Amino acid sequence: MDTPGSRFAILSFAVFALLLQCAVPLRAQDWIRTGTGLGVEKVRLAVPDFKVANPDPKNGDLLRTFNDTLWNDLNNAGIFDLVSKSFNPLQVPGQPSEVKFEAWSAPPPSASMLAFGNLGVTGASVMVQGWLYDVKNTSSPQVLGKQYQDASTPEKTRMIAHKFADEIIFRLGGGIQGIAETQIYYVSARSGHKEIWAMDYDGANQHQVTHLGGISLSPRVSPDGSRIAFSSLTKNGWDILMYSLDLNRTVSFPHFGGTNISPTWAPDGMRLSFSSSRTGDPEIYVVDASGGNLKRLTSTKGPDVSPVFNHKTGAQIAFVGNRTGLPQIYTMEADGTNVQRMTDQGYAVSPAWSPNGQFLAFAWIRSYGPGQPGASDIYLMDIASKQWVQLTHDGGRNDFPSWSPDGRHIVFQSSRAGGEQIWTMLADGTKQTQLTTTGNNTQPNWSWK
Amino acid sequence: MKQGSTKWIALVFALCAVMTLGACKKKVAPPPPPAPPPAAAPTASLTANPNSVEKGQPTTLTWETTNATDVSIEGIGVVKPSGSQQVTPAESTTYKLTAKGAGGSQEATARVTVNEAPAPPSTSSATEEELFAQNVKDIYFDYDSYAVRGDQQSVVQSDAQFLSQHPNVRFTLEGHCDERGSTEYNLALGDNRSNAVRTALLQAGVSADRIKTISYGKEKPFCTASNEQCWQQNRRGHFVYQK
């Protein structure tokens, strides 16, 4: 059992772990401040199941949908310490008059905040009343009181839960809008072709957007949510296509010649950037959203691809360039000047600029090369200091990070569970959650609002 | 039409092979032994030059025999032990020579192919496509590289030579990458690979208007195993004939 070999292995592991601690003194919690409430003390929030308001038989299913969605939204938000439902008092309120403050503020729940309410179906409509109470402020406890009415379908009920969750997150999360009503666009091959698909931020409501029958890649939704730019293999080769979510069809966009891939939007929605090999070498270009006024930004031999604007200012572009033999992340001004190399080694691709303009998330194989089976993981880099932290550690190839508009979440693709699937996590690497399971799903892109 | 011409070519090749082998055999045959004991076996050879003619055109049969007393060719009759004669076969014919002597008998044959009519243009382009497939070889790349490496230079040269000899051939150069690495980056890398082969062909004198390029990145792999052998198969500039 305790052979010299295993003792040596244990010893060398201990030494290695020690070295690792010395070599990498910077942990996420030590220095990453995303400025979005992640990593600060979390609000302790109790969310008992809503009660039925009347005896309609449709109540049961819709109520379960509502309660699951609301709990999931608040649990995913990253700013709450949710009270386990088993800690709740036996009597939960459905109305303000039923709230017993002491039962919620004292242990075991020890809640600071309480979200509660009721749901009732009347004919074809569903009505939801929801409140948020500060249970330690018994004289003036109400933070929020809301009433929603919509068609009594699971979809509409989910949407009501999302809206109420976003209200709570907005009030308790430093005035940053919640993301429960946001969309994620992605590529799915489950129809037999790589098409653009969309889903709610929590993986619900997955549906196909394009029906082109070829290969479509890299969907990027416009800041106003009305269009998706993507690249598609047409009879001319790879072109940037534009899909209108208002018209539910592709609308015209110029054919530039060469291989045109990886479009991205400026935050003002007026410009796009993309990679084109129209001159025989893949370079970064900017173009008006109308397709006019094409300008080339780079002129270095080798792949230049995957541009992304500074999400806050639109004044810089991060991109992937190969000037050293392996792809690295670079930044430059939006006019192509002042190119800076950000990563120092390995194989770094798929930059995503954080909404507050401070960070780049990207995929990195730090030790890349023959005989070095390095994993592709998602990393976060503070642009000003170039300090970085690794967010995924769980195996598989992890690629194509994209930020949620609140800057608290990152969606990405991972092969860790077999096949390529879409996952989300908080921007500190916690709460990694799989969203898709059917077919291969890749290149997620989070909507701007 | 296409199938017929394929068959003809196959026949001509087969005939050439037979004759070449026959000729070789004759050359290496040892001189007849000096001693008279039993009578030596006869030898015989028969060739047609050319062995493929248009209908109505003549060809020349040439034959040689040794140790034979009675030599005849089917369809012509008795002939001298060695000689030549012009013939104009109406259709493809296999001429058979029989040489008989005291030591036994020996046969030799020669096939003359008669082409019905000049091949129409469509046939010749189909042939070009096949020749393209046989002669034009793909260019393989190193890991994460789009430089045409040393051992592929001679392949580029022989591809360019074929393409110069067949100036009507148009083709697409596909850039492919292995499964490792990222989708978008690999599409750009594949584009660089197809353009690297294109540039090499342009330098070797192939004109630009015959070449289309496209990158498939890692979207259309040739094989899907996760090992170096398969990855090498997928890192290539692939030639596709344009009809």
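Bear in mind that the values here come from a model prediction, so they are computed numbers and not experimental data. Starting from 1, residues in each chain are numbered consecutively following that chain's sequence as written. To label them, take the chains in the order written and letter them from A, then take the ligands in the order written and number them from 1. Per-residue local features of the predicted model are confined to residues with pLDDT of at least 70, and side-chain atom pairs are confined, for both listing and counting, to 80 or more; whole-chain, interface and lining totals are unaffected and use all residues.

### Side note on the pairing of strand β8 (residues 195–200) of chain A
Residue and element names in this part refer to chain A. Just so we agree on the cut-off: In this scheme the burial state of a residue depends on its C-beta neighbours within 10 Å: 20 or more other such atoms mean buried, 12 or fewer mean exposed, and anything in between means partly exposed; the C-beta positions come from the backbone. The helix count covers DSSP runs of H or I at least four residues long, the strand count covers runs of E at least two residues long, and both are numbered beginning at the N terminus. Two strands pair under a simple rule: DSSP has to find at least two bridges between them.
The buried fraction of β8 is high, at six of six residues. Burial of the side chains of β8 extends over both faces: E195, W197 and M199 are buried on one face and I196, A198 and D200 on the other. The pairing of strand β7 (residues 183–188) with β8 spans six bridges and is antiparallel. For Q183, the partnering residue across the bridge sits in β8 and is D200. Across two bridges, the pairing between β8 and strand β9 (residues 207–208) is antiparallel. Along β9, the bridge assignment pairs W197 with Q208.

### Thoughts on the environment of B:T65
Residue and element names in this part refer to chain B. The line we're drawing: Each residue gets a C-beta atom placed from its backbone, and two residues are in contact if those atoms lie within 7 Å.
Examined against the element boundaries, T65 turns out to sit in strand β3 (residues 59–66). Here T65 falls in the buried class, since 25 other C-beta atoms lie within 10 Å of it. The residues contacting T65, other than those within four sequence positions of it, are P42, T43, A44, V71, P81, S82 and A99.

### Quick notes on the interface of chain B and chain A
The test is simple: Residue polarity follows a fixed list, in which Ala, Val, Leu, Ile, Met, Phe, Trp, Tyr, Cys and Pro are nonpolar, Asp, Glu, Lys and Arg are charged, and the others, Gly among them, are polar.
Contacts between the two partners involve 16 residues from chain B, matched on the other side by 28 residues from chain A. Contributing elements (two or more residues each) for the side of chain B that touches chain A: α4 (183–203) and β11 (211–217) of chain B. The element that contributes the greatest number of residues to the side of chain B that touches chain A is α4(B), accounting for nine residues. A class-by-class count of the residues in the side of chain B that touches chain A yields six nonpolar, six polar and four charged.

### Comments concerning the nonpolar core
Selection criterion: Joined through C-beta atoms within 7 Å, a set of buried Ala, Val, Leu, Ile, Met, Phe, Trp, Tyr and Cys residues constitutes a nonpolar core.
Ranked by size, the top nonpolar core spans 130 residues in total, and within it A:L45, A:F66, A:M113, A:L114, A:L360, A:A361 and A:F362 carry the most contacts. Every residue in contact with A:L114, bar those within four places of it in the chain, is listed here: A:A46, A:V99, A:W104, A:Y133 and A:V135. Among the nonpolar cores identified, the runner-up in size contains 14 residues, and B:A44, B:L61, B:W63 and B:A108 belong to it.

### Some details on the packing of helix α3 (residues 59–76) of chain A against helix α5 (residues 154–172) of chain A
Residue and element names in this part refer to chain A. For clarity, the cut-off: Orientation is described by axes fitted as lines to C-alpha atoms, over the contacting stretch for helices, and by angles from 0 to 180 degrees between their N-to-C directions. Note on convention: the crossing is left-handed when the near helix lies turned anticlockwise from the far helix by less than a right angle, right-handed when the turn is clockwise.
Packing of α3 against α5 leaves a shortest axis separation of 8 Å and a crossing angle of 35°. Both α3 and α5 take part in a crossing whose hand is right-handed. Two secondary-structure elements touch here, α3 through L62, T65, F66, T69, L70, D73 and L74 and α5 through P154, T157, R158, I160, A161, H162, F164, A165 and I168. Here the contact of α3 with α5 is composed, by residue class, of ten nonpolar, four polar and two charged.

### Topic: α3(A)
Residues and elements named next belong to chain A. Stated formally: Helix span, as expected, comes to 1.5 Å for every residue beyond the first.
Taking 1.5 Å of rise per residue, 18 residues should cover 26 Å, and α3 covers 25 Å from first to last C-alpha, within 8% of that figure. Of all the residues in α3, the buried ones are N59, L62, L63, T65, F66, T69, L70, D73, L74 and N76. Against the buried residues of α3 lie β1 (43–46), β2 (51–52), β3 (80–82), β4 (113–122), β5 (125–134) and α5. Where α3 ends, the next residue or the one after it, G78, has phi of about 85°, a positive value.

### Points about the domain arrangement of chain A
Residues and elements named next belong to chain A. Under the convention used in this document: Domain extents, as shown, originate in an automatic or database domain assignment.
You can read the domains of chain A as domain 1 (43–172) and domain 2 (183–446). With centres defined by C-alpha atoms, the gap from domain 1 to domain 2 works out at 37 Å. Those elements that provide at least two residues to the side of domain 1 that touches domain 2 are α3 and α5.

### Side note on the sheet that holds strand β11 (residues 227–234) of chain A
All names here are of chain A. The strand order across the open sheet formed by four strands is β10-β11-β12-β13, and the pairing between neighbours is antiparallel. Of all strands in the sheet, those bounded by a partner on one side alone are β10 (216–221) and β13 (249–251). If you compare each strand with its neighbour and ignore which way they point, the axes differ by 35° on average. Sheet topology places strand β12 (residues 237–244) next to β13; three bridges connect them, and they run antiparallel. Across the sheet, residue Y243 finds its bridge partner in β13, namely T250.

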